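The chain contents come next:
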Amino acid sequence: MAAFAGRMWMFWAAWLSSCLTVTVAVDRGNFKTCDQSAFCKRQRAMTPGQSPFRALLDTLELSDSRLTLQLINDNNKVRLLLELYRLQGNMTRVKINELKPLKPRYEVPDILVTDPPTEPLSVVSRDENGVVLSLGAEACRLIVSAQPFRLDIMEGPQVLLSLNSRGLLMFEHLRPRKDTQSDPEGSERVEDPANADQPPTEKAPDEENAKEDESGMWDETFKSHTDSKPNGPSSIGLDFSLPGVEHVYGIPEHADDLKLKTTDGGDPYRLYNLDVFQYELYNPMALYGAVPVLLSHSPQRTMGIFWLNAAETWVDISSNTAGKTVFGKMLDYVQGASETPQTDVRWMSESGIIDVFIMLGPKPADVFSQYASLTGTQSFPPLSALGYHQCRWNYNDQEDVRAVDAGLDEHDIPYDFIWLDIEHTDGKRYFTWDSSKFSQPREMLQGLMDKKRKMVAIVDPHIKVDSGYKIHNEIRAKDFYIKNKDGADYEGWCWPGSAGYPDFTRPDMRAWWASMFAYDQYEGSMENLYTWNDMNEPSVFNGPEVTMHKDAIHQGAWEHRDVHNLYGFYVQMATAEGLIQRSGGVERPFVLTRAFFAGSQRLGAVWTGDNAAEWGHLKISIPMCLSLGLVGISFCGADVGGFFKAPSTELLVRWYQTGAYQPFFRAHAHVDTPRREPWLFGPENTAVIREAIRQRYGLLPYWYQLFYHAHRTGQPIMRPLWVEYPEDAATFTMDDQFLLGRDLLVHPVTEEGARGVTAYLPGRGEVWYDIHTFQKHNGAQNLYIPVTISSIPVFQRGGSIIPRKLRIRRSTSCMENDPYTLFVALSPQRTAVGELYIDDGHTFAYKENKFIHRQLTFANNTLISRNLVPDSSFSTASWIERVLIIGAHKPSKVTLRTADGAESPLEFEFDATSSVLTIRKPGVNAGADWMMVLH
């Protein structure tokens, strides 16, 4: 035992040393390729076009809500059950499971917000070759072909999407190990009556056993770890074909371009939550989160595929236009080539069932709404969470926290949250404080509260095995730890040394965890202390691929392989519930998570993990967050400055400028990097960073209404240009610029030494205004913009109204009652419209209509504020201080008419050079009805 402990300590020391050496990138040898993942290798070895599956049409049953049909594998006579559902909102659900499995196969719970409502299916026609079903609209059909089995969804004569058209459906049925039973298939094989006199041939048991052992079907070794696979091979796979599609997106998290690449000749994209140390860019390796949602887009249609499976998953993408140059495509056109572009997507998961939702759009906004109806919308955070967050691993002690807080004030830099990493705890025991460095946490928190600021402290899900630690003792006493394959508590190594891992898949465990955030349980906590869940992939330093063994057991029933990608989701769920419960259900929580899954948007924020202080990592933060927004997770950001290494001054400045225009805005740094608070790089650079942060705070009213809409509708906050300009092919691969909502276009400077950037301004007939100079530019053009170190190219769309607060104070709460300035950008094409949303900024009272939501319109020289929610009950002390009308003409006078009919003249100034009309001191309450007329 002592020798074992010594070896473990040497391993621990070596791992820690590798983590603290910030010049080394990811060790790819720690993580599997497809060839090293037995089920992925097996599935990829399949030959397209040789599907053994056929549909047994005589088993078809149709009810009001679903169609069921048996499929048979003609190679082994195992039957599957196909279920088809037509869902409300133009979606189709396809489920495939074993008809008679040896034991239940895992079906993912808790991700869908409700049992999706169905609409009736009806049979249009049927013969011995297949069945045609109606999907509601007269031209929309679902065709089930019998042999080989295939599904096609059609609209008129056009095939929108096909399943198993390449014949790559794979379903490895559960079976006893062949050396344990003489008739291994007998208990589950259902013979095909049509072939009763021709039983399938089988290889000799010894020969098949040898083949199975060789291919990793019953156990699999990677490096020094062996996965026992007690249930044997159980993988599933299915191919989808998308005719007319060349562009697909989504399936985060990967450090790659927004548009997904083809994977022919390389590894598939992998979805398997992993603690990847200083990840590489532009490869399909798995990272911290996994959202199995893919979007396809063409000028005609946007669709989505949601593969509801939480096991290790690989996604192959191929295209018949991959590798063709623009010239090659033009040549095809000139020569009359008739090949229709097509993208094929193949999903492969290690266990579980096939449960896939096909979201038929047709518009981008429709797909976002469809997905939100399934998994929920972005949580509505407290307003303060949209401010600036100051963090590093680690602020040393309470005096360090006080000094950083004072330094930000001294340099007039607003911020809302200061963060504490793992060193604030008593020996990495979460829910505790280091008694020497943080001896008076309530005093520290009260000092921040007095300034209307807040703190985040880390609470990770690995629990130090220590009989003197209350949290550990309670989890062990309640038998809440995950078990290893032998039934004992699973233990691995993480920051505290030997650690147990609570089974967050258990509702009772999550309820207990939530109770630990109560003020009388979490000693030293206060209402302005929020939470960060890190290492929740889960990270296990001495585990296979730095994570948990797949044969660990949850709830006494399921293997970790079944639930792996759900673990971080459940950790964040329990934590968020704890923050809500501690306030009696009054206060909105804020929880940041590193690991995530479909539905994590309901629970809080994510970030892009342990990036590096390199220009490439700054640049990749844009497509990484755009990809997350496309699959519902809008509250995304990257560690400003890069977590590893030391940024150059130029890189740090550019990162602040980029981060200020991303939804989650946090600076963070590794413990071994030099200090990099914003004032440490000279007064000139301090001023530039300060200005970027102040721009963020000025735009908080717009950010807040974007989050409100994301919460209500599921539409992304930070979005690719093609979302708003779906027919403009020039936007389909752009990921160095983005839109915030519809009305702000941002092109950060992400190249070292840049003296200019070229931004694409979309929309023929549109106009865009530089928000700094108010210079007007036409849409549908590439615009070269000279830049200096202080430049952040941002444009407001003509035809929009954006509210700002220009009295920047030390935190969002300090600005609560400050006045608004309305920026009205005129367009020759359309009425200018915008909104103003106001609530208390931190409670759930908005759910009871305690908020202000107003529509702002400017047409016919009249600006009107109209109430969108007549039955709302909320008041504000804020008022309208100023209105800037951009692209205006000089009026002879401006008058204000209030709800009581009173009319009064207003002061104004007109700048003929910029065509900006500034109307000063309307003085009207922000929640009131009013009308402003330009004469």
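Preceding this section is the structure that the text describes.
Criteria and cut-off values
Counting of residues starts from 1 at the beginning of each chain's written sequence and follows it residue by residue. In keeping with the model being predicted, local features are shown solely for residues with a pLDDT of at least 70 and side-chain atom pairs are shown and tallied solely at 80 or more, while totals for entire chains, interfaces and linings include all residues. As a rule here, side-chain values cover all heavy atoms of the structure and leave hydrogens and water aside. Whether two strands pair depends on DSSP finding at least two bridges between them. Numbering of helices and strands starts at the N terminus; helices are DSSP runs of H or I of at least 4 residues and strands are runs of E of at least 2. Each residue is assigned to one of three classes by its accessible area relative to the maximum for its type, calculated with a 1.4 Å probe on protein chains only: buried under 20%, partly exposed between the two thresholds, exposed over 50%. Whether two residues are in contact is decided by their heavy atoms, any of which lying within 4.5 Å being enough. Residue count minus one, scaled by 1.5 Å, sets the expected span of a helix. In this description, the term disulfide denotes a pair of cysteine sulfurs within 2.5 Å. Here is the rule: rings of Phe, Tyr and Trp (six-membered ring for Trp) pair when centre to centre is within 6.5 Å. Planes less than 30 degrees apart are stacked, more than 60 are edge-to-face, and the remainder are tilted. Definition used: whenever NZ (Lys) or CZ (Arg) falls within 6 Å of the ring centre and also within 35 degrees of the ring normal, the charge is taken to sit over that ring.

Caption draft 1: Geometry of the sheet that holds strand β38 (residues 744–746). The six strands lie next to each other as β36-β37-β38-β43-β40-β41, forming an open sheet whose pairing is antiparallel. The open sheet terminates on both sides in strands that have one partner only, identified here as β36 (718–719) and β41 (776–778). Bridge count for strand β40 (residues 767–770) against β41 is three bridges, and the pairing is antiparallel. Note on β41: the bridge partner recorded for Tyr769 is Lys776.

Caption draft 2: Region of the structure containing the environment of Asp421. Within the element layout of this structure, Asp421 appears in the loop between β23 (417–420) and α7 (441–450). In this structure the C-alpha to C-alpha distance between Asp421 and Phe517, which are 96 residues apart in sequence, comes to 17 Å.

Caption draft 3: View of helix α13 (residues 649–659). The buried fraction of α13 amounts to nine of the eleven residues, a majority that puts the element mostly inside the structure. Looking at the buried side of α13, the elements it contacts are β22 (388–390), α12 (615–630), β34 (639–640), β35 (665–667) and α14 (683–698).

Caption draft 4: Summary view of helix α5 (residues 364–375). When the terminal C-alpha atoms of α5 are compared, their 17 Å separation across twelve residues agrees well with the 16 Å that a helix rising 1.5 Å per residue should span. Considered for burial, the residues of α5 that qualify are Pro364, Val367, Phe368, Gln370, Tyr371, Ala372, Leu374 and Thr375.

Caption draft 5: Local environment of the pairing of strand β6 (residues 122–127). By the bridge criterion, five bridges tie β6 to strand β7 (residues 130–134) in an arrangement that is antiparallel. Residue pairing in the sheet places Ser122 in a bridge with Ser134 of β7. Taking the residues between adjacent antiparallel strands as the criterion, β6 and β7 are bridged by two residues.

Caption draft 6: Summary view of the state of the cysteines. For the structure shown, the criterion picks out two disulfides. Each disulfide pairs two cysteine sulfurs, and for Cys34 the partner residue is Cys40, the sulfurs being separated by 2.0 Å. Taking the sign of the S-S torsion, about -100 degrees here, the bridge from Cys34 to Cys40 comes out left-handed. Accessibility expressed as a relative area gives 1% for Cys34, which makes it buried. For Cys40, a relative accessible area of 0% corresponds to the buried category. A disulfide bridge connects Cys625 with Cys636, and the sulfur atoms are separated by 2.1 Å. Looking down the S-S bond of the Cys625 and Cys636 bridge, the torsion is -75 degrees, so its handedness is left-handed. Of the two residues, Cys625 sits in helix α12 while Cys636 sits in strand β33 (residues 636–637), which places them eleven residues apart along the sequence. With a relative accessible area of 0%, Cys636 lands in the buried category.

Caption draft 7: Inspection of unusual backbone geometry at higher detail. With an omega of 15 degrees, the peptide bond between Gly361 and Pro362 qualifies as cis. Mapped onto the secondary structure, Pro362 falls in the loop between β21 (354–359) and α5. The omega angle of the peptide bond from Glu537 to Pro538 is 10 degrees, so this bond is cis rather than trans. Mapped onto the elements, Pro538 comes out in the loop between β28 (529–533) and β29 (553–554). Not every positive phi belongs to a glycine, and Asp110 is a case in point at roughly 70 degrees.

Caption draft 8: Spatial organisation of the packing of aromatic side chains. Counted according to the given criterion, the structure contains 46 aromatic pairs. With a centroid separation of 6.4 Å and an interplanar angle of 50 degrees, the aromatic rings of Trp433 and Phe438 are classed as tilted. Across the pair, exposure class does not vary: Trp433 and Phe438 are buried alike. Through successive ring pairs, a cluster of aromatic residues spans Phe417, Trp419, Tyr530, Trp532, Phe590, Trp607, Phe635, Phe664 and Phe707. It is Lys550 that lies over the ring of Tyr272; its NZ or CZ is 5.2 Å from the centre. Note that Arg666 overlies the ring of Trp419, its terminal NZ or CZ placed 4.7 Å from the centroid.

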